[in-house]
Amino acid sequence: MLDQRGLLDQRHARAERAEPDLAELVGDALAAAHPQPSSPGAVWRALGESGSIARLYPPDRPVRPDPAALRTLLAAVDERCPLGVTLSVCVQAAVVVPALLDQAHGGPLEQVARQACGGAAVTALAATDRDAAGSDLTSMGTVAQIGSDGEVRLDGGKQWIVNATTADHLLVLARHRPGRHFTNFVLVLVPATAPGVRTEPARTDFFAGSGVGHVHLDGVRVTRDHLVGRPGHGLAQFANRMVDERLAGGLWASALCRRVLAHSYRRLRERHVGGQPLWHNDAVRHTFARCLLEQQRLEALAGWAAGRGVAEAMLLKAAVAEAVDAVLGGCARLAGADAFEVDGLHRLRAEAAMFGVAGGTTDTMLAGIADHAERLLGGAP
């Protein structure tokens, strides 16, 4: 059985045999997924089989996605797939797969890590709890009872989980003892087909292709080798992975804004009013320039935040929510009535509001930024 280093080396050996240009590799993979660009399973499988997923993770310890590779992959997926499919890919690539690879010591964790990295398994991060409000994870009601016989029993529920209805495996954050202390939680890998697991789609018309839904856990039993890390380390592991999730969100949001701006720019140059392109109107150019300024700020901030810490990731996350809304809102105004089409910018703007909620609300990020003010200011009084 492969150890951690063996698994990492195998991933990179496979990646080195693949096409060296990741953007082209991803593009070919997504073309191979045609005509199912709206199927998260088909897209993930195509990305994995092409070696694109493996290319995200340098053979380092601990395992983290490479920001440049992650940017390339998310931009390529965003360009070709609905927002919900990109969301499905983002959560797996930025959080679940590296978390599993990091703990792949053999057994089910290694097996699922190998399958997920190769596109043969879809995974979900099940953190947001039905018994706690949004980001208040320490109040969660989902419980993992770790028995002395080596069995783990899970009871509770998770809400608004990306890939809930399409996942083969769930990475569940649960409490293993009462109380709000950060050492009271554990991560558990749960097969979606295990007895006692039930999923249902969320009641929403948004995020097509994300598999978003709710997970119910009723007496679910797995063996102890399904624990991802040691008991008591679950919340710390989760918080650590959220740094990568927030960076991924920034990289994706910047790519999404750039794509929308490029489309708007072409449209403004091609559409004429009074015999002149709309682009020649000073008010139009001013509005567009404001949007472009927001996108460029966001791109610079994402580059700065890469490889840094929790506070920088929170800064990026808060900036993403504001920048995306400003860019999509401005471009929607420039598009006029066309923005109300079935797949127009107003719908995309509504879906993209999830950047201000998923992974922590903007208000939560601002509270955390204030907590880190002294360090961010360089120790100023």
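Refer to the structure printed above.
Model, not experiment: these values are computed from the prediction. (Residues numbered from 1 in each chain as written. Predicted model: local features only at pLDDT ≥ 70, side-chain atom pairs only at ≥ 80, totals over all residues. Heavy atoms only, no water.)

A. Fine view of the pattern of salt bridges. One pass over the structure, following the stated rule, counts 15 salt bridges. Note that Arg-153 is salt-bridged to Asp-155, the shortest N-O span being 2.7 Å. Residue Glu-294 pairs with Arg-297 through a salt bridge whose shortest N-O separation is 3.8 Å. Of this pair, Glu-294 and Arg-297 both sit in helix α8 (residues 282–305), 3 residues apart, which is roughly one turn of the helix. For Glu-294, a relative accessible area of 25% gives the class partly exposed. Residues participating in the shared-partner salt-bridge network are Arg-64, Asp-102, Arg-241 and Asp-244. (Salt bridge = Lys/Arg side-chain N within 4 Å of Asp/Glu carboxyl O. Helix = DSSP H or I, 4+ residues; strand = E, 2+ residues; numbered from the N terminus. Buried < 20%, exposed > 50% of the residue type's maximum accessible area, 1.4 Å probe, protein only.)

B. Summary view of helix α9 (residues 310–335). With 26 residues, α9 should cover 38 Å at 1.5 Å per step; its first-to-last C-alpha distance of 37 Å lies within 8% of that length. With 19 of 26 residues buried, α9 lies mostly within the body of the structure. At the exit of α9 stands Gly-336, carrying a positive phi of roughly 65°. (Expected span 1.5 Å × (residues − 1).)

C. Just unusual backbone geometry, in detail. Positive phi outside glycine occurs at Asn-163, with the angle close to 75°. Topologically, Asn-163 is positioned in the loop between β3 (151–161) and β4 (169–175). Phi angles above zero are rare outside glycine, and Phe-207 is one such case at about 65°. The topology assignment puts Phe-207 in the loop between β6 (197–201) and β7 (213–223).

D. Layout of the packing of helix α2 (residues 22–32) against helix α4 (residues 67–80). Where α2 meets α4, the closest approach of the two axes is 9 Å, and the angle between their N-to-C directions is 35°. Relative to α4, α2 is oriented so that their crossing is right-handed. Contacts from Leu-22, Ala-23, Val-26, Gly-27 and Leu-30 of α2 reach α4 at Ala-69, Thr-72, Leu-73, Ala-76, Val-77 and Arg-80. By residue class, the composition of the contact of α2 with α4 is 8 nonpolar, 2 polar and 1 charged. (Axes fitted to C-alpha atoms, helices over the stretch in contact; angles between N-to-C directions. Left-handed = near helix turned anticlockwise from the far one by under 90°. Contact = heavy atoms within 4.5 Å. Nonpolar A, V, L, I, M, F, W, Y, C, P; charged D, E, K, R; others polar.)

E. Structural view of the nonpolar core. The biggest cluster of nonpolar side chains holds 112 residues, and the ones touching the most others in it are Leu-47, Tyr-57, Leu-154, Leu-173, Trp-252 and Phe-355. When residues in this core are grouped by element, the largest group, 14 residues, is from helix α5 (residues 83–102). Apart from the residues lying within four places of it in its own chain, the contact partners of Phe-355 are Gly-249, Trp-252, Ala-253, Leu-256, Lys-317, Val-320, Ala-321 and Val-324. (Core = buried A, V, L, I, M, F, W, Y, C linked by side-chain atoms within 4.5 Å.)

F. Here's a closer look at the side chain of Asp-244. Along the polypeptide, Asp-244 turns up in helix α7 (residues 234–270). Once residues within four sequence positions are removed from consideration, Asp-244 is found in contact with Arg-64, Pro-65 and Ala-94.

G. Representation of the packing of aromatic side chains in the model. Per the counting criterion, the structure on display carries 5 aromatic pairs. A centroid spacing of 5.0 Å and a plane angle of 65° characterise the contact between Trp-252 and Phe-355, whose relative ring orientation is edge-to-face. One end of the pair, Trp-252, is in helix α7; the other, Phe-355, is in the loop between α10 (345–352) and α11 (362–371), and 103 residues separate them in sequence. With respect to class, Trp-252 is no different from Phe-355; both count as buried. (Phe/Tyr/Trp six-rings, centres within 6.5 Å; stacked < 30°, edge-to-face > 60°.)

H. Structural detail: the packing of α4 against α5. At a closest axis distance of 10 Å, the pairing of α4 and α5 adopts a crossing angle of 165°. Relative to α5, α4 is oriented roughly antiparallel. Crossing of α4 against α5: the hand is right-handed. Contacts between α4 and α5 involve Leu-70, Leu-73, Leu-74, Val-77 and Asp-78 from the first element and Thr-86, Val-89, Cys-90, Ala-93 and Ala-94 from the second. Of the residues belonging to the contact of α4 with α5, the class tally is 8 nonpolar, 1 polar and 1 charged. (Parallel < 35°, antiparallel > 145°, perpendicular 65-115°, else oblique.)

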